[in-house]
Structure formats: C-alpha cells, structure tokens
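# A look at the structure
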Amino acid sequence: MLYFSRWKTIAIWAVVLLGVLFSIPNMLTQSQLDSLPGWLPKRPMTLGLDLQGGSHILLAIDRQDLIDERLQATRDDIRTLLRDAKIGYTGLTGTGKTVQVRISDANELEAAKKALAALTQPVSAGIFGGGTLAELSLEEPEPGVMRFTLTEDGIDYRVSNAVTQSIEVVGRRVNELGTNEPIIQRAGADRILVQVPGLQDPQRLKDILGKTAKLTFQMVDQTMSVEQALQGRPPAGSTVMYSQDDPPVPYLIENRVIVSGENLVDAQATFDQRTSEAVVSFRFDAKGAARFGQATQQGVGRLFAIILDNQVISAPQIREPILGGTGQISGSFTAQSANDLAVLLRAGALPADLTIVEERTVGPSLGADSIAAGKFASIIAGILVVSFMLVAYGTLGIIANIALAANVALIIATLSILGATLTMPGIAGIVLTVGMAVDSNVIIYERVREERQLGRSLVQSLDSGFARALATIVDANFTTFIAAIILFYLGSGPVRGFAVTLAIGIVTTVFTAFTLTRWLVAIWLRRMKPKELPKGLVRLVPDNTRFPFMAWRRYAFTLSALASLAAMTLFFSVEMNYGIDFRGGTSIEVQAKQGTADSGDVRSRLSELNLGDVQVQQFGSDQNLLIRVEGQKAGDNAEQSVVEKVRGELANDYDFRRVESVGPTVSSELAWYGTLGVLTSMLAMLIYIWFRFEWQFGLGAIIATVHDVTMMVGLYVITGIEFNLTSIAAILTIVGYSINDTVVVYDRVRENLRKYKKMPIEQLLDLSMNQTLSRTVLTGVTTLLALISLYLFGGEVIQSFTLSMIFGILVGTYSSIFVAGPLLILFRLRPETFEADEKDKPAVPTNVQPTKS
C-alpha cells in the first residue's frame, strides 16, 4: 500500500493543488480578487445570513383564500352562464368547497347541464403532474339540484400555479429594492423561501412582501350615504370599505371593477407640481385606457375610488373625462411609501395572500461579530490540534498536520465550488472536522504501533497498518456521514450549513488519510530510511494496557440505567426550555445604542404591549439583551405584529441585531422533523451496522446511542439550555460521533473474534477495549480541544451548541466502552458466529489477564 505510481502521485497533488487554488479567494478582498488573472478561481464561499446579515423569510400561500376566490368565481360563472342561456334558477349558494343551484323548471335541467358543462371540463395540468384534471365535480343530490364541488386535485393545481406566479412577482419586488443576489425559490407545495443577504432595512422587505397589491378602480356609490349603509344594509352590489387613514374613513363602494392593476403598464413615484406632495403616476395599456376613459366620460361629477387590497387609498371627484390613459394616485404618501407603492404596482399583484410563517433576520453588526469570533475560534482550535499531534506523534504528527491543512483547504474549496452557504454552525462543522479528521490518522498510527510491537519490520508495520485501518475508518466515517445526510434533508437554514460542511469534511478526511497521508509516509520512508517509529514527547496512554473494563460493567450498567431513568423522569416532569423553533414565538437580540442595556426598563415597557409572557435577559455583554415573547394564539400573522410592536417601542434606544419569529405552523413541523431526523438516523445506522457486522453489534450500537441521546436530553433539562434546531444538530452529530467510536471498538472485537475463537468473551472484550484505548483517548482529546476553543471564543450564538457537543463527546466515549461493549455479553455473542481460519489462529496473548466477573 506504500507504492505510488507516477500518475497516482500527480493525481493526489493535483487534487490538493486545486483545493488550495479554489480556497485562496476566501482569504482575499474584492479588490485583490479583481486583480487576479482571469484563469484563476475567483469565487469565494457564500456567507450565510447569520454571518453577513440579512433576512430569511418563509412565506405561505393562503390556501383558504384561493378556495374562497375559486368559489366566488364559480358562483359568478354559474350565474352568467344560466342567464345567457335564459334558464331560470333559485338558491345559488356556496359554502365550504361546494356551490349549489336549483333549476326552477325541471324540463330545463338538461339544458342547464349543457350550459354549465364547461365548468367540469378537464384542464391541462401542465407541470402539475402532467395530463389533465377536473377542477369541479358535478353531482345531483336531489332532482333539479346541481352541486359543484372543488376537487382536491383542482385546489392543489391552483395552489401550485399561485406559488409559481408568486415567485415571479416576489422576485420582481425584491429586485426593485436593489438587493444583492437574493434567493427566491419554492419550498414545498405551498411555500416560498426568500433570502436577502446584507439587507439594511428588513422591515421594508416585509412590508413589500406582505401586500397582495390588488389594485382596482371602482365607483363610489352615492345613492345612499355611507352612514345609512353602516346603520342599515348597503344597497345590492355595493360594499362598505375603509381608507388607510387614522382613524379610517368609511366609503360605500360599488362592487363593479372599472379597471384593475392588470391593465397597468407602468407606475412611478413622483411629486405633484401643484402641491409638492409625493404621488404615484401610472399608465394603462390600450384596453385599460379605453375602459377608464369610457367610465370617466360617463361619470363626470361622481367620485371614484382607488383601492389597494380592499383599502381605499383616495376617492377623488371626476371633473372631466380622462382619455389619455394616464393619471396619478395621491394619498398622504411619503417619498418612500410612494416609491414602495410604485414598486408593488410595477411588480404586479400576487394571486393570493402570502403569510410570513417564519422570519430570521440578522443585523450586519452581529454578522461581522460572528465572522470575527468564528475565525478566532478556528485559529485557536487549529493551533491546539496541530500542537497536540506534534506532541503525541513527533514526525508522524507533522505528516498528519500537513494532511489536516490539505483537508481544510479541500473543505473550503468544495464549499466554494458548489456555491454552498457557510453559516456559523457551518464553521462549527469545520472546527469539529478538524478535531475528528485527526481520528483517521490516529487509527492508522495506532495500528502501525501494534503491528510493530508484534515484531514486524517498520515497512511491513506501516503497510499493514494502513491496510487494516481502511475498513475501520470507512465504517466509522460512513455512520457519521449518514447522520449528516439526514440532517441536511430534514434540517433547515443554518443547520443545513452544518450538515453540508460535516459531510464534505468526512469525504475529504477519508481522501487525505488514504492518499496524501500514505504518500507522505512513503516519501518519509524512502528519503529518511528510519529504523524505528518516531515517538512523541508525551504518551497519553501507555502501551499494552490491561484495564479490566468488563469487571466494571455491572457498576457501569447500574450507573447508566439510573442516569437514563433520572433523565427521562426529569424530561416528563420538568418542562424543557424549548426555543421558538419548537413552540413558536419571537426571539429578538438588541444592543443599546448608548451605555448599558436596562433589562428591567425593557421588561416593563414591553409588558404594557399585551404580548403575553415576555422574558428579557442579558446576552453576552452588558450592552446586549435577549428578548423572548411567547407564541401568540392568533395564528402566524400575529407573530409579525409582535415584531412590529417591539420594534416600535425600542427602536429609538436599541439596535436590532437579530430577529427570529416562528409561527405555530412551522414550529410544529420543525419539532416533527427534528424528532424524525434523530429516529431516522439511528434506524439507518442500525441497518448499516447490522449489514456490516451482526445483529448483536447493530442492536448494541443503537442502545448505546439511545443512552447518549437520553443523557443529552437530561443535560438540556437540568441546565435549562434552550432546546432549538441547533440542539437537534448537536444531538445528531453526537449520534454520529458515538456510533463512530463504537464502530471502531466493534471492528476490533470482530477481528479478535475471528482470531481467538476459544477466548472467553469477557477477556476478548477487555483485549479489544485496551487495544483501541489509545485511539479513543487521542481522538476524544483532539475533538474536545477543537470544541472547547469554539465554546470559549466562538461567541454567544453557538455557545450552548458547543457545550452540548462537549458533553456528548464525553458521554459517547464512555458509552462506547461501558455500554456498547458489555451489551455484546448480554446478547450472548459467541466466536462461532464468525468464520475463522484455524491455520492462521495465533495463541492467546499472555499479557491479557482474565477478567473477574
């Protein structure tokens, strides 16, 4: 395994060189990138919103709004078609998803069916599954009664079309704001994801997205005063609407629409030359201009209303016919509100109402702080891990560090090439990979030491060490890779960024361990011609340890059982500190503009806003406060009103650094997907380990992992650390790490079962645990060094995330020895399970003492 042909050497270093070239742009400024030659890569990683600031908004189509509109349209169509066919009818009503009409003359029923046949004709589904579908179904519940029902396929078709149209409209609106590289895409069947990096005014974005912008021109009904209409009943064909003024002014409006926003071809914010007020000038297309001109000709002296989303903007009097197809809208606008209205009108109306069901906004100052903290923590972690490898392995540590540097470069290069987004949890994923990447080298080096102790030559030891470590490293890393993939598909936002960096890190780790590290070792052997393995300055675990782990298994089982029982009892009796991801609500981080933040003052000011339970606490420095507001019971829109009220109360004294708002719909989904992610990952790992080993190993690994998850849940309950989406990421990572640790031990157990068929299982497990103890300790230490530096220097945003992972690493290391191992005894694992080559079976090692049970 230590021979490399020339083409292999070229291929390895070509990959490394490409990794370095594609990672360099991330260390240069924009001006330096512009000065680079055209053939060099210039694309840096895309920074997530939590690092560069910006807004993440999830919009949902109002399905019921579409159903109501479709129901109204169906009623209007039935009325028009029957009148055109001169067929009498009564009882035209619509409720729920059905419209019902009774034909007055039973002899005209067939004629009515023929007149209304177009309503039930199949329509082309287009991209919605292809083929055709019927939007309405017809049935006759009794003679003479026709009942039309909206089909589920038809509703889904309308929703899908509405999402497609809305994406186009939202895209035009966001682009009008002059934002940099916004992301607007479909998210599921009825949602739209909008991500706008570097946005300075998130409230304006929400205002722009939150309006349907259905503009209509309608006549004011002057046959009755609006006061009479309010006291009695409005005339047929008219509705009372209110203005945008404060207090709102009522108007009696005719339902007939003269012209709609669909006929607009342009709208611009400008100023009235007579009054200098901000106004919006507009221009109709030919059809709109003709209809508008005809209406104003016939209605000279009457009032006509300009209506936006069922609110009257203005209701001027028609003094003369307007035949040019142009006009202007006035209505107490500011320059910005006039410009925003022009943006909305140019972009077009949304086909249905959009509700903000999730918002995550990070201010640019917090993003800059997160980048600085992430860089510093990563540098400290790198220095600690590199220094530790030098101390532990000497020359081989230098080789491992070179491979580690190449590994990090390849991760950054892959993220840059794929255009993946780097988030703060993503930085944590890179730092964790730095710690775990050393594991592959540790497994190899410890194997080489064992082979050398058996009397093999240095070259044979190195060759055999790499060969024997391959299967262990692949199995161990593949289980963590499973957790990363599941986390990516079931996670969202920054959690997905963590999953991406973790998955890429696993792939690059395996590559560098079995190509670059092996090549460097081969060159070292050829050039230096060493006689012995280099030794480090410190040996954390002595050679040939003989700890009787299995003798302590009963105590360990008792301790684990009691701790698990206590954790579960606390979980069901003490409410966990769930974050807004799972219970809904609003979380806001603010920073005082001057002096220190006064939590008592903020708490008292917010308590007067009738927002329910409000928690205010110091967060990080004495300038920062974290405000949590409980979920509102009035639906998703109520969460947005909370943000507006808090911003209105505190904006003069505090900068809003981070805003997260999650409605009840999304929070329930996130809780479900989080639970599903943990369960699915464990099931996938069980299947993989069962396939690669035996059922006893698979079941033992899963029970040990369940133990680790239980302990982490107990940590969250006892400490009161907020349990949110990043907590799920931490648990899934620990699931992967724990399985990784367990697989390394189990792989050695399986190997020894094939070697020592007559050795008692307790003694064989002790032998396996001691043989892998050095690797377990060294990997744990390097990973903990990386995580502790992240905890101390990575900033408040991910402090709880890294603390839970530190605890999980300790628990996972414990369970791989004292839970996963003894379970094999409980499951009555026997050497006969595995086929062994009797000719090559060595004798029982004399340095292993039988375990006392």
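Parameters at a glance
- Position labels on residues start from 1 in each chain and follow its written sequence.
- It should be noted that, the model being predicted, local features are given only for residues of pLDDT at least 70 and side-chain atom pairs only at 80 or more, the latter also being counted only at that level, while totals for whole chains, interfaces and linings use all residues.
- As a rule here, side-chain values cover all heavy atoms of the structure and leave hydrogens and water aside.
- Under the DSSP-based scheme used, a helix requires at least four consecutive residues in state H or I and a strand at least two consecutive residues in state E, with every element numbered from the N terminus.
- When accessible area is computed with a 1.4 Å probe and restricted to protein chains, residues below 20% of their type maximum are described as buried, those above 50% as exposed, and intermediate ones as partly exposed.
- Only heavy atoms enter the contact rule, under which two residues are in contact if any of them lie within 4.5 Å.
- One speaks of a salt bridge when a side-chain nitrogen belonging to Lys or Arg is within 4 Å of a carboxyl oxygen belonging to Asp or Glu.
- Strands qualify as paired when DSSP identifies two bridges or more between them.
- Every axis corresponds to a line fitted to the C-alpha atoms, with the helix fit spanning only the stretch in contact, and the corresponding angles, defined between N-to-C directions, vary from 0 to 180 degrees.
- Under this definition, polar contacts are N or O atom pairs within 3.5 Å; protein pairs additionally need one hydrogen-donor-capable and one acceptor-capable atom, and for neighbouring residues in sequence, both atoms have to be side-chain atoms.
- Nonpolar cores were defined as sets of buried Ala, Val, Leu, Ile, Met, Phe, Trp, Tyr and Cys residues, with membership established by side-chain atoms within 4.5 Å.
- Under the pairing criterion, centres of Phe, Tyr and Trp rings, with the six-membered ring standing for Trp, must be within 6.5 Å; the plane angle then separates stacked pairs below 30 degrees from edge-to-face pairs above 60, leaving the rest tilted.
- In our convention, an over-ring charge means Lys NZ or Arg CZ found within 6 Å of a ring centre and within 35 degrees of that ring's normal.
- The pLDDT score gives, residue by residue, the confidence of the prediction method on a 0 to 100 scale.
- What makes a crossing left-handed is the near helix being turned counterclockwise from the far one by less than a right angle; a clockwise turn instead makes it right-handed.
- Amino acids outside the nonpolar list (Ala, Val, Leu, Ile, Met, Phe, Trp, Tyr, Cys, Pro) and the charged list (Asp, Glu, Lys, Arg) are all regarded as polar, and Gly is one of them.
- Excluding any residue in a salt bridge, patches collect residues exceeding 30% relative accessible area, merging like charges within 9 Å and nonpolar Val, Leu, Ile, Met, Phe, Trp and Tyr side chains within 5 Å.
- All accessibility values rest on the Shrake-Rupley procedure with a 1.4 Å probe; residue burial counts only the protein chains present in the view.
- Throughout, the term roughly parallel applies to angles under 35 degrees, roughly antiparallel to angles over 145, roughly perpendicular to angles from 65 to 115, and oblique to all others.

## Concerning the overall build of the protein chain
When its secondary structure is counted, the protein chain shows 25 helices and 24 strands. Along the first, second and third principal axes, the C-alpha set of the protein chain runs to 110 × 65 × 60 Å. Residues classed as buried in the protein chain amount to 52% of the 853 residues present. The contacts in the protein chain between residues at least 6 apart in sequence include a share of 74% that link residues at least 24 apart.

## What about the pattern of salt bridges?
Following the criterion strictly, the structure yields 33 salt bridges and no others. Close ionic contact of Lys97 with Glu152 constitutes a salt bridge, the shortest N to O distance being 2.5 Å. Residue Lys97 is found in the loop between β3 (89-95) and β4 (98-103), and its partner Glu152 is found in helix α6 (residues 152-176); the two are separated by 55 residues along the sequence. Classification of Glu152 as partly exposed rests on a relative accessible area of 42%. With a closest N to O distance of 3.1 Å, Glu649 and Arg605 form a salt bridge. Residue Glu649 is found in helix α19 (residues 636-650), and its partner Arg605 is found in helix α18 (residues 599-607); the two are separated by 44 residues along the sequence. The class of Glu649 is partly exposed, set by a relative accessible area of 27%.

## Structural notes on the sheet that holds strand β18 (residues 326-333)
Taken together, the 3 strands give an open sheet; going across it, the order is β14-β15-β18, and neighbouring strands pair in antiparallel fashion. Edge positions in the sheet fall to β14 (264-271) and β18, since each has one partner strand and no second. Across this sheet, the average inter-strand angle for adjacent strands is 25°, counted without regard to direction. Inspection of the sheet shows strand β15 (residues 278-284) paired to β18 by 5 bridges, in the antiparallel sense. Bridge pairing in β18 links Ser281 to Gln328. Helix α10 (residues 335-347) contacts β14, β15 and β18 of the sheet and is inclined by roughly 175° relative to β14.

## Thoughts on the side chain of Glu660
Within the secondary structure, Glu660 is located in strand β24 (residues 654-662). Judged by its relative accessible area of 18%, Glu660 falls in the buried class. Only 3.2 Å separates the side chain of Glu660 from the side chain of Arg360, close enough to count as a polar contact. Setting aside residues no more than four positions away along its own chain, Glu660 makes contact with Glu359, Arg360, Ile580, Gly585, Thr586 and Ser587.

## Focus: the nonpolar core
Judged by nonpolar contacts, the single largest core of 142 residues is most densely connected at Leu415, Ile444 and Phe697. Excluding its chain neighbours within four sequence positions, the residues that come into contact with Ile444 are Phe466, Ala469, Ile473, Ala513 and Phe514. Among the nonpolar cores identified, the runner-up in size contains 70 residues, and Val159, Leu177, Ile208 and Leu215 belong to it.

## Section: the packing of aromatic side chains
The full count for this structure, using the stated rule, is 24 aromatic pairs. Plain terms: the ring middles of Trp695 and Phe827 are 5.8 Å apart, the flat faces sit at 40° to each other, and that makes the pair tilted. With Trp695 in helix α21 (residues 695-719) and Phe827 in the segment after α25 (820-826), this pair connects stretches of sequence that are 132 residues apart. Judged by its relative accessible area of 35%, Trp695 falls in the partly exposed class. The cationic tip of Arg647 hangs over the ring face of Phe656; the distance from NZ or CZ to the ring centre is 4.8 Å.

## Digging into the confidence of the model for the protein chain
Should the pLDDT be low somewhere, the predicted coordinates at that spot are not to be read in detail. The pLDDT averaged across the protein chain works out to 82; a share of 94% of its residues lies at or above 70. Across residues 836-853, confidence stays below pLDDT 50; counting only partners more than four residues off in sequence or on other chains, it has 31 contacts.

## Examining the packing of helix α22 (residues 725-755) against helix α23 (residues 761-793)
Contact pair α22 / α23: the axes reach a minimum separation of 9 Å and the direction vectors enclose 145°. α22 and α23 meet at a crossing whose hand is right-handed. Of the residues assigned to the contact of α22 with α23, the class counts are 10 nonpolar, 9 polar and 3 charged.

## Describing the sheet that holds strand β12 (residues 238-243)
A barrel is described by the order of its strands in space; here 5 strands give the closed sequence β11-β13-β12-β17-β16, paired in mixed fashion. Within this sheet the neighbouring strands show an average axis-to-axis angle of 55°, counted without direction. Pairing between strand β11 (residues 215-220) and strand β16 (residues 304-308): 5 bridges, direction antiparallel. The residue bridging Thr216 from the neighbouring strand is Ile307, located in β16. Against the sheet, helix α9 (residues 286-298) touches β11, β13 (250-260) and β16, its axis set at about 135° to β13.

## A word on the pairing of β16
Counting buried positions over the 5 residues of β16 gives 5, a clear majority of the element. By the alternation rule, side chains of β16 split into Phe304, Ile306 and Leu308 and Ala305 and Ile307, which are all buried. Across 3 bridges, the pairing between β16 and strand β17 (residues 311-314) is antiparallel. Across the sheet, the residue bridging to Leu308 is Gln311, located in β17. What sits between the antiparallel neighbours β16 and β17 is a turn of 2 residues, in which Asp309 has the positive phi angle 50°.

## Points about a nonpolar patch on the surface
Side chains of Phe376, Ile788, Leu792 and Phe793 sit close together on the surface and give an oily, nonpolar patch of about 360 Å² of accessible area. In terms of residues, the nonpolar patch owes the most to one element, α23, which gives 3 residues. Mapped onto the fold, Phe376 is located in helix α11 (residues 364-393).

## Observations concerning the side chain of Thr361
Relative to the helices and strands, Thr361 resides in strand β19 (residues 354-362). Assessed through its relative accessible area of 8%, Thr361 is described here as buried. At 2.9 Å, the side chain of Thr361 and the side chain of Glu359 are in polar contact.

## A word on the packing of helix α16 (residues 553-573) against α21
As a packed pair, α16 and α21 sit with axes 9 Å apart at the nearest point and diverge in direction by 50°. As the angle between them shows, α16 and α21 are arranged oblique. Of the two possible hands of crossing, α16 and α21 adopt the one that is left-handed. On α21, the residues touching Ser560, Ala563, Ser564, Ala567, Met568, Leu570 and Phe571 of α16 are His707, Thr710, Met711, Val713, Gly714, Val717 and Ile718. When the residues that make up the contact of α16 with α21 are grouped by side-chain class, the tally is 9 nonpolar, 5 polar and no charged.

## Quick look at unusual backbone geometry
Despite not being glycine, Asn310 shows a phi value in the positive range, around 65°. Secondary-structure assignment places Asn310 in the loop between β16 and β17. Here Lys529, not a glycine, exhibits a phi torsion of approximately 45°, which is positive. In this structure, Lys529 sits in the loop between α15 (494-528) and α16. Exposure remark for Lys529: the relative accessible area of 59% places this residue in the exposed category.

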